[in-house]
Structures are given as C-alpha cells and as structure tokens.
Amino acid sequence: MTANQLIPAAQYLRMSTEHQQYSLENQSAAIQRYADSQGFEVVRAYSDAARSGLVLRHRTGLRQLLQDVVAGDPGYRVILVYDVSRWGRFQDTDESAHYEFLCKSAGVPVHYCAESFANDGTLPSLIMKALKRTMAGEYSREMGVKILAGLKRLATLGFKQGGRPGYGLRRMLVSPSGVPKQLLAFGERKGIASDRVILAPGPTNEVQCVRDIYRMLISGKRTVYAIACELNRRGVAYTEDSKWDYQAVHNVLTHPKYAGCNTFGRTSSRLYTPRVNVPKSEWLLTHGAFEPIIDAATFAEAQKVLQARTYNKTNEEILDGLRALLASEHRLTLNLIKNSPIVPSPSAFRYRFGSLRRAYDLIGYGHSDQFGFIDMRRRTRALRDELMAKIVATFPIDVSIVRRGGRWRSRLRLSHGLIVAVIIARSVHTWKDALRWRIDPVAHERKFVTLLARLDLVIAQF
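Residues numbered from 1 in each chain as written. Predicted model: local features only at pLDDT ≥ 70, side-chain atom pairs only at ≥ 80, totals over all residues. Heavy atoms only, no water.

1. Brief notes about the overall build of the protein
Summing up its helical and strand segments, the protein has 15 helices and 16 strands in all. Against the 2.2 N^0.38 benchmark of 23 Å for 462 residues, the protein shows a C-alpha radius of gyration of 36 Å, more extended than a compact globule. With respect to the principal axes defined by its C-alpha atoms, the protein has extents near 125 × 55 × 50 Å. Taken over 462 residues, the protein has a buried fraction of 37%. A fraction of 59% describes how many contacts in the protein between residues 6 or more apart in sequence connect residues 24 or more apart. Total accessible area on the protein is roughly 27,300 Å²; 54% of this is exposed by carbon and sulfur atoms. The averaged location of the 42 negative side-chain charges in the protein is 8 Å from the averaged location of its 67 positive side-chain charges. (Helix = DSSP H or I, 4+ residues; strand = E, 2+ residues; numbered from the N terminus. Rg over C-alpha atoms; globule rule 2.2 N^0.38 Å. Buried < 20%, exposed > 50% of the residue type's maximum accessible area, 1.4 Å probe, protein only. Contact = heavy atoms within 4.5 Å. Areas by Shrake-Rupley, 256 points an atom, 1.4 Å probe, with all protein chains shown as cover. Lys, Arg positive; Asp, Glu negative; His and termini not counted. Charge placed at Lys NZ, Arg CZ, Asp CG, Glu CD.)

What follows is the structure, encoded as structure tokens:
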C-alpha cells in the first residue's frame, strides 16, 4: 500500500502512575507497529500523562478527542488505542462503552492495538471487550484497596499521608526510622521514596496564636465566631488570601493534630466518588505521633466546651436537657433555666421552637396554672405596645416610636428629641381589699423619663 493510500488515524495515549510498560513511549511504539501492519498513518496524537482512567473530567486529551470527533471531519478516520484499559478504567462499564459509541457513530471507530481480539462488532469481540472493561474497572478497585491499606499502615506509624499541614504546623521530612531531616516549604515534596513526613510546630507567632484560640474559647468563654473577629481585629494573618472566619477557627479547635495526634480517614472519596465525612468512630488516630502545640487535657476541655454549645445540639438534645431539669427540680421556671448548666439560655428555646412555652408543650409540661406568670407577661407586653400605638396615633406630630429590634425595648421619642420609657405596672393584692401596683424597672432605662401605666383590677386578674 502506497503512502497516498494510507488511512489517516489518531492515537490516544494515557499513562497514570502504573508500570513502565504503559509509558507513553511504549504505547506509541506499539501503536505505530499496529498502524504499519494495518495500513494506517498516525496524523494526530492525543495524550493524558499522569492521569487516572477513572473519570473523564481530569482527562483533557480524551475530552478534546471526543470534541473533535463529534464536531465532524476531525482529519482522521480511525482512533488507535493501546488497549481497553488505556481508554479508561471507568467503574461503570457503560460509560466506557458510551464514549466509544460516540466515536463509532461519528464514523471514527476505535482500534485496540495490543488486544488479542479485533474490535469488529462480532459477538466474540463484544464479549471480550465487555470482559476487559470489567477487568479494567476491577483493577482500579483492587489497587485502591491495596493503596488504602498501605496508607493506613503508615498512618498508624505517625506519618502524614499528604495534604497541607494546617495553620501553626509545618511538614517535617524524616528518615524511615523517624530521624528529622528538614522542614518542607509549601510545594516541596520528599525526594527519596523511603523518606516519610510528620507534622511539627510552625513559627512561634502561629503556635502562640493557636494557644490563644484555645484560651479564648476555654477561659474567655468566647464563641468561635467571636474568636475569628478578635483575631482579625488584632490583624493576625491567617493566609495570604483570606482572613480568619468561623471554619478556620473551628478547624484549629477540633483537629486532633494540634494535640500531637496523627489523624487519617476523616473524609473519604474513593475512586473519585463525592467526598463524604467519615464518623469519628472510624478515624485512624495515632496519639503522640509528633510534638503537640496543645496538651491533651486542653484539647479535651475544648471539645467539651464546643459540644456543650447549643448550636452543636439537635432539637431533641435540647429538649432532653429540659426534661432532665424538670425531673430534678419537679418544676420549670425562667430562673431555673437561666441558672441551669444542662440547658441553654431561654433565647435558644425561642430561636429553635418559637417560644419557651412551645418547648414546654413538646415535653408535656403544660398545665394552665403553671403558665399564669408567662401568660400575664405576654399580655402585659401586648398592652404596652397597644398603649404606645394609641399615644402616637393621638399625637402623630409630637410623638414617635423608636425601635431597634432584637431584645431592645421600643420607646417613645418626643418631637424635640426627649426619649421616654414606658412601663406597665401590674396590680396585686396585699391584704384585705388593698390594691398595690408592682413595678419591674429595666436597669438600662433608668436614665430616661418614664411613663408609668397602672393596670386596673380586671386586667390584673387576667
């Protein structure tokens, strides 16, 4: 066959990190021998070096090949691939078949040059190809199991298995016996395969910052968000591109590595599946693997503080705390809840359940006589709002209502700027037919002129 009669072909090469037999050079040489024997001329080459065959999104060469073929008239009439596994080790064999079908439908069939069968569409070739695809996918699964077992073994010895060290820590290159060699800068990797990497405390200022974070949480009683705000206020650098935020502080406070514990398997994304969080019970922990920044007792106390925070509890856990308080005190009051170490503040119940009364209902604590004071206070608050609205409606030019939201009580403002606080005084019986009024002043409103409205006897008995 003359050169003018040679059929133009494209070759696709892929090599991950497997055996040398799959090097791009070896694949290309085998494909060229096949092309010479079959009357093909390689006019275009696509390649994916150091790319896994599991997913398409990381393989720019194959994606470009498919795009050129589907677009029409790519300049070649066949595609030459070393074997089925070079086309891909897709876990779903239908995916591998789909990409080959796209090429075949566009009039550009795929030839597997090193396979013992011809890809000619006959039943034997279809069976062999399906078997080879399944074997290619199974090879990746088996290799993944072996690699994971190796990583776990090294992790139990205290060696870090990839990833960034984290704020306040650095990577230390050590010999197989654990003798320190040097600190690795960002982007540097070990040069000798037998060398290992452990974590080590970083710069003094970062180490002190980590300790300050734990101190602010435990001794300072600050929230994670408040700690982040404080660090940013001080101008403490986190990374070059970002400031401290909730997640950054939370990572420092919850990762065991700051207590010298090597941790492996906190997340999983095997065979390029979506990353998922692994339960703590399945983490691989090696205590005392390297020098800690925070001692074990401080780290444990930090976890205890965080777990006690309301935002880490489910609604049912919060209600369980309320049930426990009721069981020990045989009653529930606002003061008991405020002073209890096992339940959150009343505001947490309002945020989670709409009101404290609703939380009572959910645990079966709901007799009408138990809520007399709560109902009276709610009624009194409504009467206060109604009174203020009537005053403004009567004197719309001279009086307005000042509201700021949250727990800040609304007040009246006169036209010349004077602020007036409003207090509703409930009537109470003292002895015989004597009637008195109970006043509950608000501490931060004592500096204002106050309008005192006394409720009559009918309202007081509501």
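That was the structure; now back to the text.
2. Some words on the sheet that holds strand β6 (residues 180–184)
The pairing of strands in a sheet happens through backbone hydrogen bonds and is either parallel or antiparallel. Pairing is antiparallel in the open sheet, where 3 strands are placed in the order β6-β5-β7. Of all the strands in the sheet, the pair left with one neighbour each is β6 and β7 (196–201). Averaged over all pairs of adjacent strands, the angle between strand axes in this sheet comes to 40 degrees, irrespective of strand direction. (Pairing = 2+ DSSP bridges. Axes fitted to C-alpha atoms, helices over the stretch in contact; angles between N-to-C directions.)

3. Here's the deal with the sheet that holds strand β1 (residues 7–15)
Ordered in space as β2-β1-β3-β4, the 4 strands form an open sheet in which the pairing is parallel. Bordering the open sheet on either side are β2 (40–49) and β4 (110–112), each of which pairs with just one other strand. Going from strand to strand, the sheet's axes swing by 25 degrees on average, the running direction of each strand aside. Most of the contacts of helix α2 (residues 60–71) go to β2, to which it runs at about 135 degrees, and overall it touches β1, β2 and β3 (78–81).

4. Points about the environment of Ser 410
Turning to its location among the elements, Ser 410 is positioned in the loop between β12 (399–402) and β13 (411–414). Residues Ser 410 and Val 420 lie 10 residues apart in sequence; the distance between their C-alpha atoms is 9.7 Å. Among all residues touching Ser 410, those that are not within four sequence positions of it are Arg 384, Asp 385, Met 388, Ile 401, Val 402 and Arg 403.

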